[in-house]
Amino acid sequence: ITGWISMGHGIGEAVFQRLATDGMIYATIGYGRADTVMPGFLAEGQGGLGHDDIAALVTWVRALAAPAGRAGRAAAGNRADALAEAKNEGEATR
């Protein structure tokens, strides 16, 4: 269909939460998505987001589907994981 825009799963939906890795979420926010209108926001020291900011957003995305009480525990663990995964996955998606 000409002009049809396909939308992906919502970030709070269970299927997205199950399939998306922290590194993929980090890379999408930090570096954008090729061939889409999604820009990258990683521009530490240049008025954009820094690594810690993006890691905090990854934690927030994960908390959207978290049952009550899990968000606080996720905040402690996901930041380091997101940064480590992003280094591996994010660089590969540029």
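Below, the structure is looked at part by part. (Residues numbered from 1 in each chain as written. Predicted model: local features only at pLDDT ≥ 70, side-chain atom pairs only at ≥ 80, totals over all residues. Heavy atoms only, no water.)

Details of the packing of helix α2 (residues 22-31) against helix α3 (residues 51-63)
Link 1 in the chain: At a closest axis distance of 9 Å, the pairing of α2 and α3 adopts a crossing angle of 125°. Considering the angle they form, α2 stands oblique to α3. Here α2 runs over α3; the crossing is right-handed. From α2, Asp 22, Ile 25, Tyr 26, Ile 29 and Gly 30 reach across to α3, where they touch His 51, Ile 54, Ala 55, Leu 57, Val 58, Val 61 and Arg 62. (Axes fitted to C-alpha atoms, helices over the stretch in contact; angles between N-to-C directions. Helix = DSSP H or I, 4+ residues; strand = E, 2+ residues; numbered from the N terminus. Parallel < 35°, antiparallel > 145°, perpendicular 65-115°, else oblique. Left-handed = near helix turned anticlockwise from the far one by under 90°. Contact = heavy atoms within 4.5 Å.)

A word on the layout of surface pockets
Link 1 in the chain: By volume, the largest pocket amounts to about 400 Å³.
Link 2 in the chain: Elements with a minimum of two residues in the lining of the largest pocket: α2 and α3.
Link 3 in the chain: Here the element with the most residues in the lining of the largest pocket is α2; it accounts for 4 residues.
Link 4 in the chain: In terms of residue class, the lining of the largest pocket is made up of 10 nonpolar, 4 polar and 1 charged. (1 Å grid on protein atoms, 1.4 Å probe; cavity = no way out; pocket = protein on both sides within 12 Å on 5 of 7 lines; lining within 4 Å. Points joined across faces, edges and corners; volume = space filled by probe spheres on them. Nonpolar A, V, L, I, M, F, W, Y, C, P; charged D, E, K, R; others polar.)

A closer look at α2
Link 1 in the chain: In terms of burial, α2 is largely enclosed, as 8 of its 10 residues are buried.
Link 2 in the chain: Downstream of α2 by one or two residues, Gly 32 has phi in the positive range, about 80°. (Buried < 20%, exposed > 50% of the residue type's maximum accessible area, 1.4 Å probe, protein only.)

Concerning the pattern of salt bridges
Link 1 in the chain: Following the criterion strictly, the structure yields 1 salt bridge and no others.
Link 2 in the chain: In this structure, Arg 62 and Asp 22 form a salt bridge, with 2.7 Å as the shortest nitrogen-oxygen distance. Pair noted here: Arg 62 is in helix α3 and Asp 22 is in helix α2, with a separation of 40 residues, a long-range link. Asp 22 shares its class with Arg 62; the two are buried. (Salt bridge = Lys/Arg side-chain N within 4 Å of Asp/Glu carboxyl O.)

Observations regarding unusual backbone geometry
Negative phi values dominate among residues other than glycine, just as trans dominates among peptide bonds.
Link 1 in the chain: Of note, the phi angle at Asp 35 is positive, near 60°, even though the residue is not glycine.
Link 2 in the chain: Relative to the helices and strands, Asp 35 is located in the loop between α2 and α3.

Concerning the side chain of Thr 28
Link 1 in the chain: Inspection of the secondary structure assignment puts Thr 28 in helix α2.
Link 2 in the chain: By relative accessible area, which is 15% here, Thr 28 ends up buried.
Link 3 in the chain: Of note is the side chain of Thr 28, whose polar atom sits 2.9 Å from the backbone oxygen of Met 24. (Polar contact = N/O pair within 3.5 Å; in protein donor to acceptor, adjacent residues only side chain to side chain.)

Here's the deal with the nonpolar core
Link 1 in the chain: One finds Phe 16, Ala 20, Ile 25, Tyr 26, Ile 29, Ile 54, Val 58 and Val 61 forming the largest nonpolar core, which totals 8 residues.
Link 2 in the chain: Of all elements in the fold, only α2 and α3 reach the threshold of two or more residues within this core.
Link 3 in the chain: If we skip the residues at most four places from it in the chain, Ile 29 touches Met 38, Pro 39, Gly 40, Phe 41, Leu 42, Leu 49, Ile 54 and Leu 57. (Core = buried A, V, L, I, M, F, W, Y, C linked by side-chain atoms within 4.5 Å.)

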